[in-house]
Amino acid sequence: MTLPAHRGRDSVSGWAPLRELEELRARMDQLMRATLPFPGGGFPEAGAAEAWAPPADIEDTEDAYPMELELPGVDKDRITVEIEDGELDVHGEIKQKERTGVLRRQTRHVGQFDHRTNLPPNVDTEHITAESTNGVLTVRVPKAQKAKPHCIEITG
């Protein structure tokens, strides 16, 4: 069986789609090198361990701000939850798995992760809790107790 000839769309006619894509990538790389803080500039290499933020949901309930972060396969000993200057910081690292075969495709994140959230002023930072279950880290940030209205006695 013979294949049809594609005329007018090959390097003979002057149109080289792969060359144009390489030129576009080079121009984009130059733009990124000038604007983004990747080490050495440009895009990180495919499969390179780079900092990333895990997906997170933050809810506002009556008494707290519960936050759920997706961290599948991350041991709780590799996660740090800190409070500093009104900011909640969850960070850690997922190590690259040792492989015996050829890695054909990688879509899961590896390397350092960091999730930062500014806390509202009405939180009780002394009673924040964190729990890791089934690959979901739940951080519960309780709201501070509101001052209850009460009567003040006048003396004198």
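So, how was this worked out
- Residues numbered from 1 in each chain as written.
- Predicted model: local features only at pLDDT ≥ 70, side-chain atom pairs only at ≥ 80, totals over all residues.
- Heavy atoms only, no water.
- Pairing = 2+ DSSP bridges.
- Helix = DSSP H or I, 4+ residues; strand = E, 2+ residues; numbered from the N terminus.
- Axes fitted to C-alpha atoms, helices over the stretch in contact; angles between N-to-C directions.
- Salt bridge = Lys/Arg side-chain N within 4 Å of Asp/Glu carboxyl O.
- Buried < 20%, exposed > 50% of the residue type's maximum accessible area, 1.4 Å probe, protein only.

Caption draft 1: Main features of the sheet that holds strand S5 (residues 111–118). Taken together, 3 strands build an open sheet; the order of strands is S3-S4-S5 and the sheet is antiparallel. This sheet does not close on itself; its edge strands, each paired only once, are strand S3 (79–84) and S5. Here the average twist between neighbouring strands, direction ignored, is 15°. Relative to S5, strand S4 (residues 87–94) runs antiparallel, the two sharing 8 bridges. Across the sheet, residue Glu-87 finds its bridge partner in S5, namely Asn-118.

Caption draft 2: Expanded view of the pattern of salt bridges. Taken as a whole, this structure holds 6 salt bridges when the rule is applied. Ionic pairing is found between Glu-87 and Arg-116, a salt bridge with its closest N-O pair at 3.0 Å. With Glu-87 in strand S4 and Arg-116 in strand S5, the pair connects residues that are 29 residues apart, well separated along the chain. Residue Asp-89 pairs with Arg-116 through a salt bridge whose shortest N-O separation is 3.5 Å. Of this pair, Asp-89 sits in strand S4 while Arg-116 sits in strand S5, and the two are 27 residues apart along the sequence. Judged by relative accessible area, which is 8%, Asp-89 ranks as buried. Connected via shared salt-bridge partners are Glu-87, Asp-89, Asp-114 and Arg-116.

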